[in-house]
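Okay, here's what each chain looks like letter by letter:
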Amino acid sequence: MALDRPRALSGIQPTAGSFHLGNYLGAIRQYVALQETHDAFYTVVDLHAITVPQDPAELRANSRLAAAQLLASGLDPDRCTLFIQSHVPEHAQLGWVMNCLTGFGEASRMTQFKDKSAKHGADRATVGLFTYPILQVADILLYQANHVPVGEDQRQHIELTRDLADRFNGRFGETFTVPEPYIVKETGKIYDLQDPTVKMSKSASTPKGIVSLLDEPKVSAKKIKSAVTDLETEIRFDEEKKPGVSNLLTIYSTLTGTAIAELERRYEGKGYGALKTDLSEVLVEWVTPFRERTQEYLGDPATLDGILAKGADKARAVAAETLADAYDKVGFLPAVR
């Protein structure tokens, strides 16, 4: 299928509740930018969410919440396709085909399964948790994606996707686009404000070290002002010797688009207090309208659900065509209706 623009696909879990600053600066900001250069598909991956136990009511609420926050971040349903994964059954259908193409050893080498099963207990790990990277392969291949925006920790999953696309194409004939990872290196990782040696995340960060975007802005501002720095006074970027200050500079630079070198010049001779105070104001100015837009979408579920339904229709138009081709290549008897 010829496209005027390359196609991108990415998914986000609905289990986090409020997005945090690391989510936005590390991934979602890229989603917004990709609308301008790609035929972009974004999905809230609720099928992936149930690989670990979920409360059904919370899962439904968090799926809507994730979609509302994506829209509040700047995703435009007229310029991208936003949908809920379970609304497009072709994901699970192609997932089964890919399961049957994947070696057990291949799947067992996926590092995130090892990490998550260790966290939740190996005796409680489900088959779904073991095979979810293969469903992720189906997520990508269904849309013939050229690029997949991911962090470095997801590169292994893209390699599995490429391997399975090549394997299917080699066995059954050209069917799937072999995707490339789309990793924006100039966006540095965002680290815990209290322990700037670990990535900001729901699982690893302390409450004071993580900035949740739906918190009251004054709470987030206080966390910035309380961020760990060091015993020096010079404001300069040095991730090894000054991880706390470097983290604050990265956040400031990414939120404002100001080069880190310019920030270093701007704060030359000033103390850490000046940097933290200004950054807290920048954060409040950005996060306040984000929270308001999110609440507007949540307060009008009919409109939100309508956007997601339209997105699912757009997604299924592409996914159904890909699945039909894959089913035919595999040798499934077509259904006569």
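How each quantity is defined
- Residues numbered from 1 in each chain as written.
- Predicted model: local features only at pLDDT ≥ 70, side-chain atom pairs only at ≥ 80, totals over all residues.
- Heavy atoms only, no water.
- Helix = DSSP H or I, 4+ residues; strand = E, 2+ residues; numbered from the N terminus.
- Rg over C-alpha atoms; globule rule 2.2 N^0.38 Å.
- Buried < 20%, exposed > 50% of the residue type's maximum accessible area, 1.4 Å probe, protein only.
- Contact = heavy atoms within 4.5 Å.
- Areas by Shrake-Rupley, 256 points an atom, 1.4 Å probe, with all protein chains shown as cover.
- Lys, Arg positive; Asp, Glu negative; His and termini not counted.
- Charge placed at Lys NZ, Arg CZ, Asp CG, Glu CD.
- Arc of directions from axis to C-beta.
- Domains from an automatic or database assignment.
- Buried area = accessible area lost by both parts, 1.4 Å probe.
- Salt bridge = Lys/Arg side-chain N within 4 Å of Asp/Glu carboxyl O.
- Polar contact = N/O pair within 3.5 Å; in protein donor to acceptor, adjacent residues only side chain to side chain.

### Digging into the overall build of the protein chain
- Assigned secondary structure in the protein chain consists of 13 helices and five strands.
- By the compact-globule yardstick of 20 Å for 337 residues, the protein chain fits well, its C-alpha radius of gyration being 21 Å.
- Taken along the three principal axes of its C-alpha coordinates, the protein chain extends 75 × 45 × 40 Å.
- Classification of the 337 residues of the protein chain by burial places 47% in the buried group.
- Contacts in the protein chain between residues at least 24 apart in sequence constitute 75% of all its contacts with a sequence separation of at least 6.
- Total accessible area on the protein chain stands at roughly 16,100 Å², and carbon and sulfur atoms take up 53% of it.
- Where the 38 positive side-chain charges of the protein chain centre and where its 45 negative ones centre are 3 Å apart.

### Structural notes on the environment of Val287
- Here Val287 lies in helix H12 (residues 272-298).
- Residues Val287 and Asp313, spaced 26 residues apart in sequence, show a C-alpha to C-alpha distance of 31 Å.
- Among residues more than four places away in sequence, those in contact with Val287 are Leu213 and Pro217.

### Side note on helix H4 (residues 90-99)
- Within H4, burial applies to Glu90, His91, Leu94, Gly95, Val97 and Met98. The buried residues of H4 occupy an angular sector of 160 degrees when the element is viewed end-on, so they sit on one face.
- On its buried face, H4 is in contact with helix H2 (46-49), strand S3 (80-84), helix H7 (127-141), helix H8 (155-172) and helix H13 (301-330).

### Some points on unusual backbone geometry
- Backbone geometry at Gln144 places phi at a positive 50 degrees, although glycine is not the residue there.
- Turning to its location among the elements, Gln144 is positioned in the loop between H7 and strand S4 (147-149).
- When its relative accessible area of 17% is taken as the criterion, Gln144 is described as buried.

### Here's the deal with the domain arrangement of the protein chain
- Partitioning the protein chain into domains gives domain 1 (7-187 + 300-330) and domain 2 (217-295).
- Summarising the inter-unit geometry, the C-alpha centres of domain 1 and domain 2 are found 32 Å apart.
- Of the residues lining the interface, nine residues belong to domain 1; the matching set on domain 2 comes to eight residues.
- Carbon and sulfur atoms make up 77% of the area that domain 1 and domain 2 hide from each other, which totals about 840 Å².
- Summed over the three residues of domain 1 that lose the most area to domain 2, namely Leu21, Leu25 and Ala72, the buried surface amounts to 53% of that side.
- Seen at the junction of domain 1 and domain 2, the total is zero salt bridges.
- At the junction of domain 1 and domain 2, the tally comes to one residue pair in polar contact (both at pLDDT 80 or more).
- Those elements that place two or more of their residues in the side of domain 1 that touches domain 2 are helix H1 (21-37) and helix H3 (56-73).

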